[in-house]
Each structure stands twice: as C-alpha cells, then as structure tokens.
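Single-letter residue listing:
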Amino acid sequence: MNIYLISNLSKAGALPAIESVCERLLEHGCTVYARSAEGFCYPDGIQDTDDQSVCRDCDAIICIGGDGTIIDGAHCSAKYGVPVLGINVGRLGFLAQVEPRQIGSALDRLLAGEYTVEERFGLSLQCGEYHVPFALNDVVFTKPMMTNIIDLSILCDEKEMSSYAADGLILSTPTGSTAYSLSAGGPVVDPLMQTISVVPICPHSISVRPAVISAVRRLTISCREEMVLIIDGRERIQIPAGEPVFVVRSESKARFISLGEYEFFEILSKKLIQRG
C-alpha cells in the first residue's frame, strides 16, 4: 500500500505519533512518502517529497495534526481522489477519526481494508479571472484592515436574498459548520446534507440571522468597498470594490476514511464539551 503522510510538526505530540505511524506502516511493507519539512528528518525508509502529485500513485493520505492539517489533506483528496485518514494531535480535531492511542489498531484496520469512505462536498468560487476550485470548510468574506464595516449584497440564483452592513460573512459547508461558522452563531449541520450555511459576522442589525440554503443554488456576493476572501483559513484574496464573487457547490469532493467507531454526532458532543 502506498501512503502519503502530511504532518504538522509544530503540534505537541506530533513526533511520537509520526514515529508510531511510520513504524507500523513500514512493518506492513508499505511505501511511505512524506511532505518534506525543513530541519526535520523522517525515520529511515520514508521517502521525502515536495510534490503533491505523488498522490496520484497513493492509496491513502494520512494527516497527523489538527483540523488545519486534515484540510490540507482534503484539498489533495479533492484534486486526486485519494481518501484521507486524520490522526488528531491538535486541540479539537473535529475532522479526525483517530486519537494517538488508537494509531496501531486504526492502521491495522486501514491496511486490512476494514473501512468505508465518506465523501464531503466543498465550495467553488469565481471572481473575475480568479477561480478557487475547492473549499472544504468555508469561504469567509471580511473587511480589510483598518476598515470598520463592509456593506454586503447577497443574491441567490440571481434574486435578492439579503443586504446588510457587517464585519463579514461566512459561507459554510456542513463539514465546516463546526468551525468558524459555529463560533459566529451558525447551525451545526449533518455532513450528509447538501446545504450551504449563510452566516453573518456581527451584523449591524438584530433582524439579520443565519440562513441555510440548498447547495444546488448559486450565490453572488458583492460589496461597495474592497473586501478580503479567506478560503478554508489558508488562502487570502483581495477583492476590488464592486467586484461580484460567484459561489457554487464544487465539482470536486474530498474523501474521508471512516473506521465506523465514531459517528459525527458522537464526535461532536465530545469535542464541544472539550471546547466548553
């Protein structure tokens, strides 16, 4: 089995988890590729690579870190169709199926083919010539630095949906409903549903509330001022004043390995207790 390993070395607990994963995979005769990290050497037998296209020849992606690391793996999954298994060494890890103490048994089941694959849809956006093919969690529209508010206009299927002044707006998938959207007062959405949550950030009117719409719809967001888009917390795009941004369901999907031990709402209840 060919495995692509993505790790967040800044996380406490990452190093022993990496050692445990590499040892187990090599014992089973796997070919393991790992994303190169400056100043860090993986154990002997692990092939360093800077090329994500190695995913074309891999059977699975294993991510060791928090949700941000797993989102990195999900973007590779959406591009190359390779399923992702997340091992949580972060604080919460809503997207992770495996905790460090479960690494051995989880990898044994992975290598034995004792798992299922869940598909998660993402968002795609177009703004002028700029195209983002996939966002797993959310697209955030926010104000540039030193700006008080932005005046947003939202069209749904070319018909007016809402307009208001706010600190920003979150368009969230069900997968992202437990991330920034939840902190901003958005609903938790079952990841099996095909919906987009439209969640205002600190709107300047008490009548403005989050909405949930079908993912088959097309949203158009525009603003009289310059604004900033943040894609999955990992990419920032400056949008000129008045430039419309079109958001639809992506044609790509991320694929997640499920070992069947923890269902979404079981993970959710435990993680929300940790979050407080």
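Up top you'll find the structure we're talking about.
Chemist: Residues and numbers for the pairing of strand β2 (residues 31–35), please.
Modeler: Moving residue by residue along a regular strand, the side chains alternate between the two faces of the sheet. Taken together, the four bridges between strand β1 (residues 2–7) and β2 define a ladder with parallel strand orientation. In the strand pairing of β2, leucine 5 is matched with alanine 34. For the segment spanning β1, helix α1 (residues 14–27) and β2, crossover handedness is right-handed. Alignment of β2 against strand β3 (residues 46–49), held across four bridges, turns out to be parallel. What sits directly across from valine 32, in β3, is isoleucine 46.

Chemist: Residues and numbers for the pattern of salt bridges, please.
Modeler: For the coordinates displayed, the defined rule picks out nine salt bridges. A salt bridge links arginine 120 to glutamate 118, with the nearest nitrogen and oxygen atoms 3.5 Å apart. Take arginine 120: its relative accessible area is 13%, and that puts it in the buried class. Exposure remark for glutamate 118: the relative accessible area of 28% places this residue in the partly exposed category. Residue arginine 217 is joined to aspartate 157 by a salt bridge in which the shortest nitrogen-to-oxygen separation is 2.8 Å. Taken together, the positions of arginine 217 in the loop between β13 (211–214) and β14 (219–223) and aspartate 157 in the loop between β9 (150–156) and β10 (159–166) put the pair 60 residues apart, joining distant regions of the chain. Taking the relative accessible area as the measure of exposure, aspartate 157 reaches 32% and is therefore partly exposed. Each of Arg35, Asp72 and Arg234 takes part in one network of salt bridges that share partners.

Chemist: Talk me through the sheet that holds strand β16 (residues 235–239); I want residue IDs and the actual numbers.
Modeler: The strand order β13-β12-β11-β8-β15-β16 describes an open sheet built from six strands, whose pairing is antiparallel. Edge positions in the sheet fall to β13 and β16, since each has one partner strand and no second. With direction set aside, neighbouring strand axes in the sheet form an average angle of 20°.

Chemist: How would you sum up the nonpolar core? Please name residues and give values.
Modeler: By size, the foremost hydrophobic cluster in this structure holds 31 residues, and its most contacted members are Phe141, Leu171 and Leu219. Apart from residues lying up to four places away in sequence, leucine 219 is in contact with Ile154, Leu155, Cys156, Met161, Leu171, Ile196, Val198, Ile213, Val245, Phe246 and Val247. In this structure, Ala14, Ile62, Ile64 and Ala106 belong to the second largest nonpolar core, which totals 26 residues.

Cut-offs used in this document
Residues numbered from 1 in each chain as written. Predicted model: local features only at pLDDT ≥ 70, side-chain atom pairs only at ≥ 80, totals over all residues. Heavy atoms only, no water. Pairing = 2+ DSSP bridges. Helix = DSSP H or I, 4+ residues; strand = E, 2+ residues; numbered from the N terminus. Right-handed = clockwise from strand over helix to strand, strands pointing away. Salt bridge = Lys/Arg side-chain N within 4 Å of Asp/Glu carboxyl O. Buried < 20%, exposed > 50% of the residue type's maximum accessible area, 1.4 Å probe, protein only. Axes fitted to C-alpha atoms, helices over the stretch in contact; angles between N-to-C directions. Core = buried A, V, L, I, M, F, W, Y, C linked by side-chain atoms within 4.5 Å. Contact = heavy atoms within 4.5 Å.

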